[in-house]
Amino acid sequence: MKVFNFLKFGKKTRRKKNTRNSRRLTKRKFLLTALLAVLLLVVMYVVCLDYTVRTRFEGRRFALPARVYARPLELYAGLKLTPAKLVAELELLGYREAGLPREPGSYRWRNQQVDLVTRPFTHGDGPQESISLRVTFSGGQVEALQGRKDNAVIELLRLDPALIGGIYPGNNEDRVLVRLEEVPQRLVDALIAVEDVRYFSHRGIDPRGIARALVMTVSGKSVQGGSTLTQQLVKNFFLTAERTVRRKLNEMIMALLLEMHYSKEEILETYLNEVYLGQDGNRAIHGFGLASSFFFDKPLMQIDLTEAALLVGMLKGPAYYSPRRHPQRALDRRNLVLGEMAEADFITDQELLAGRIMPLGVVERPPRGTSPYPAFLSLIHRQLRRDYRDEDLRSEGLQIFTTLDPWVQRAAENALNKQLKRLEQGRGIAADSLQGALLVTDAQNGEVQAVVGGRDPRFEGFNRALDAQRPIGSLIKPVVFLTALQQPQKYTLATLLDDSPLLLQQPGTEDWQPQNYDKEFHGQVPLHTALAHSYNVSTARLGLELGVPSVMDNLRRLGVDREQPGYAASLLGADTFSPLEVAQLYQTLASGGFRTPLRAIREVLTFTGQPLQRYPLDVEQVVDASSNYLVTAALQEVVQKGTAKGLHRYLPKDLGIAGKTGTTDDFRDSWFAGFSGDRLGVVWVGRDDNEPAGLTGASGAMTVWAEMMAGLGLEPLLLPVPDNIERVWVESSSGLRSAAGCPDAIELPFIVGSAPTESAPCGPGSGGNSIKSWFERIFK
């Protein structure tokens, strides 16, 4: 029985042992499987990180913003320019005054001479090297340009254009890419000495550096990170700044992967272009290439030892060590970097001592990045979006060369701001209640020289020059009169118009009864007088005779693309237009009847300076030269004798300016559009809430226009006379043919064959004049 029990016990024991073994085996298999699964996950995770590293690093690493430039100033003998104006242009470009200019971007002004050394620049037609020259002036113009070394005559010199802004990526990062061979060795030495002294010997992470950082941190001597340059690049390039163990592990793994795939030189070059080094408004300064320009106004390859040490020192805290805001902190930090360089034997003790007493050398005013001309830049951006995707504009580093003239822009901004204040103070208008907008173009080729979107020209919000849609009042009248003058057998400048009361009744609409500004009616008035004095009733009656659709057709022909409703009230400017649209309309008149689309961009270059697209002049004749000549002559009369005669308080009469005032109901909008021989300007003044501004076109917008143009040195408007134009004396009150010396006689231009043939009592066909002519023939 005992034997049986023993056997039975033995069997139980074996079964338990087998069960335990089986459980152990199962557990081992589970652990092994789990371990393999974990390893597999780790491998997959590392593969995923590796894919991320290689994908990002082998593609385009940085988004480069488009850079927008103003027009380059071209210097040549005979150019109207004073030394003061040239120096102002140089200062706008960031040139520095020097006792003896030797470096690119420096100048000296002595009486009627300006010596300067230009900066090299790649224009659309190729690179232009730096030139040292002397510009001499006489009588308010450039007399000669000569090389300073050989006195050789220079026929034409083009300065580098001013950078007026950029179109930045969504994160507003800005940078100038540099290759490693363009980076001074001093800067690399400083970086290695301070940030990662074993950079060229470790594999992405530095155990010794980590151990040293731990010791220093635990001992309380200092808090050190221990991250290598590669780890810093990984953090900035692929990860975030969060302080977690997971992020740190990712950083270390990716640093190892990065070093496994790419050379030390590639990683270092990327680091130099990636790092954040400051802020300019909403623009972030990234990379040493842009930082060199931002802080020292020079290319990176030209910075010296102390400047390199300062930039490297700022890496620890670009805001805290900002040399412009905290110069003493920046100086201390720079000297610490110099000390680290000496300790690492990158510089000698003599260089250390000499460097420590050097000033920071930071330029007071950084080159512009955030645009001071947001209204103009808005126009550029809109025109570019017709041809380019927005993401390309923000990432491909395009170079945009525009037509902005900084001098005209400044005159426009000053005039608007000054005159709005003067109007408010002089007329008891609430301060800062008036707003305004204006555009200036080249009267001949349609290049936009200035855009101001409001009385605060730096405001980046609502751009009234482009987006404010306001009734234009009498600015429409030249279109009505042009439509009439295109029928020379029926209408001439001498044609009498009916300015008696008018009542228009149409089924389904309210009766329309236009009034003149002076609330009077003027009977029979010559066409040219009706325009000069801006009579509403006679203009409306003329427009109705012509047909509103005919006038609207001419409006589109002159360049207004947007469809207008075309009511009777449209003949007096009830429809709404932007200042930009008005400028396009008057541009065609100023160009002699040739429609030239307003142009703000000349050309676009790639990041490497290769021409990508040019924007040539586009011209189409849409109005015959003779009728355009007649209406322009009538617009000159507006300034000579009509509603804009007050312009002569600001500008000489002999400029022959053509222009038109515009005022809307209850004085809500004040407009003026006019042109000289070289410039066209459109000004709007009013209130954003559409309440009455209390200003006519002459008392408001025209004063802004005059103030602006008075400082620009306008060329006179000399109209080329078409071959089929003749000048004939007519009696103004009757429109009949008259003669010089006759009462009420006025000489007007006519298209040949359209002048009156019937003679006034004093005219060439009258009885008195016939007898006079008979006696003259007898006694000759």
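Scope of this entry: the structure provided in the associated data block. Here the structure is a predicted model, which is why all the values come from computation and not from measurement. (Residues numbered from 1 in each chain as written. Predicted model: local features only at pLDDT ≥ 70, side-chain atom pairs only at ≥ 80, totals over all residues. Heavy atoms only, no water.)

## Regarding the pairing of strand S17 (residues 448-452)
Operational definition: Relative accessibility thresholds used throughout: buried, under 20% of the residue-type maximum; exposed, over 50%; partly exposed, between the two (1.4 Å probe, protein chains only). A run of H or I in DSSP becomes a helix once it reaches four residues, and a run of E becomes a strand once it reaches two; helices and strands are each numbered from the N terminus. Strand pairing follows a simple DSSP-based rule, namely that at least 2 bridges must link the two strands.
Most of S17 is tucked away: five of the five residues are buried. Bridge count between strand S16 (residues 435-442) and S17: four bridges; the pairing is antiparallel. Each bridged residue has a counterpart across the sheet, and for Leu439 the counterpart in S17 is Val451. What sits between S16 and S17 in their antiparallel hairpin is a turn of five residues, with Gly446 showing a positive phi close to 80°.

## Notes on the side chain of Gln383
Defined as follows: Residue contacts follow a heavy-atom distance rule, with two residues in contact if any of their heavy atoms lie within 4.5 Å.
Within the secondary structure, Gln383 is located in helix H12 (residues 374-385). Note on Gln383: relative accessible area 10%, which makes it buried. Dropping the residues within four chain positions of it, Gln383 is found in contact with Leu598, Arg599, Ala600 and Ile601.

## Notes on a positive patch on the surface
What counts, and what does not: Residues form patches when they are more than 30% accessible in relative terms and have no salt bridge. Like charges link within 9 Å. Nonpolar side chains (Val, Leu, Ile, Met, Phe, Trp, Tyr) link within 5 Å. All accessible-area figures derive from a Shrake-Rupley calculation using a 1.4 Å probe, and residue coverage is judged against the displayed protein chains alone. For this analysis, a salt bridge means a side-chain nitrogen from Lys or Arg found within 4 Å of a carboxyl oxygen belonging to Asp or Glu. In summary, the charge assignment counts Lys and Arg as positive and Asp and Glu as negative, without counting His or the chain termini. Throughout, a charge is located at the NZ atom of Lys, the CZ atom of Arg, the CG atom of Asp or the CD atom of Glu.
On the surface, a cluster of positive charge is made up of Lys16, Lys17, Arg20, Arg24 and Arg28. Relative to the assigned elements, Arg20 resides in helix H1 (residues 2-58).

## Observations concerning the nonpolar core
Heads up, the rule is: By convention a nonpolar core is built from buried Ala, Val, Leu, Ile, Met, Phe, Trp, Tyr and Cys residues, the set being connected through side-chain atoms within 4.5 Å.
Within the largest apolar cluster, 142 residues are counted, with the highest numbers of intra-cluster contacts made by Leu75, Leu86, Leu159, Leu384 and Met708. Residues within four places of Leu384 in sequence aside, it is in contact with Ile167, Leu393, Ile400, Ile601, Val604 and Tyr615.

## Things to note about the sheet that holds strand S14 (residues 283-286)
Across a sheet, strands are paired by hydrogen bonds formed along the backbone, either parallel or antiparallel in direction. Definition in use: All axes here are fitted lines through C-alpha atoms, helices being fitted over the stretch that makes contact, and every angle between N-to-C directions spans 0 to 180 degrees.
Read from one edge of the open sheet, three strands run S12-S14-S13, paired in mixed fashion. A strand with exactly one partner marks an edge of an open sheet, and here the two such strands are strand S12 (173-175) and strand S13 (276-280). Along the sheet, successive strands turn relative to each other by an average axial angle of 35°, direction set aside. Relative to S14, S13 is paired through four bridges, and the arrangement is antiparallel. Across the sheet, residue Gln279 finds its bridge partner in S14, namely Ala284.

## Details of the state of the cysteines
Heads up, the rule is: Disulfides are defined as cysteine sulfur pairs within 2.5 Å.
Under the criterion given, the structure shown has one disulfide. The disulfide partner of Cys742 is Cys762, and the S-S distance across this bridge is 2.0 Å. Taking the sign of the S-S torsion, about -80° here, the bridge from Cys742 to Cys762 comes out left-handed. Of this pair, Cys742 sits in the loop between strand S29 (725-731) and strand S30 (745-751) while Cys762 sits in the loop between S30 and helix H23 (767-778), placing them 20 residues apart in sequence. Under the relative-accessibility criterion, Cys762 is labelled partly exposed at 26%.

## Focus on the sheet that holds strand S23 (residues 601-605)
Read from one edge to the other, the open sheet built from five strands follows the order S11-S1-S15-S23-S24, with strand pairing classed as mixed. The open sheet has two edge strands with one neighbour each: strand S11 (163-167) and strand S24 (611-614). When strand polarity is set aside, the average angle formed by the axes of neighbouring strands in this sheet is 20°.

## A few points about the pattern of salt bridges
Scanning all chains against the criterion turns up 45 salt bridges. For the salt bridge of Lys248 with Glu251, the shortest nitrogen-to-oxygen distance reads 3.1 Å. Of this pair, Lys248 and Glu251 both sit in helix H6 (residues 245-261), separated by three residues, roughly a single helical turn. What makes Lys248 partly exposed here is its relative accessible area of 29%. Between Arg556 and Asp553 there is a salt bridge, with the nearest N and O atoms lying 2.5 Å from each other. Of the two residues, Arg556 and Asp553 are both situated in helix H19 (residues 548-558); the distance of three residues between them amounts to about one turn of the helix.

## Let's talk about a negative patch on the surface
Together, Glu340, Glu343, Asp345 and Asp349 give the surface a local cluster of negative charge. Position of Glu340 among the secondary structure elements: in helix H10 (residues 327-343). Taking the relative accessible area as the measure of exposure, Glu340 reaches 31% and is therefore partly exposed.

## Observations concerning the environment of Leu555
Mapped onto the elements of the fold, Leu555 is located in helix H19. With 72 residues separating them along the chain, Leu555 and Thr483 place their C-alpha atoms 9.4 Å apart. Once you skip the residues sitting within four places of it in the chain, Leu555 turns out to touch Ile476, Val479, Val560, Gln564, Phe577 and Leu585.

## As for the environment of Phe750
Tracing the backbone through its elements, the reader meets Phe750 in strand S30. Using a relative accessible area of 1% as the deciding quantity, one classes Phe750 as buried. Residues Phe750 and Ile164 lie 586 residues apart in sequence; the distance between their C-alpha atoms is 47 Å. With near-sequence residues (within four places) excluded, Phe750 lies in contact with Thr492, Ala494, Leu630, Asn724, Ile725, Glu726, Val728, Val730, Ala755 and Pro756.

Geometric descriptors of this kind do not, in isolation, establish any biological role.
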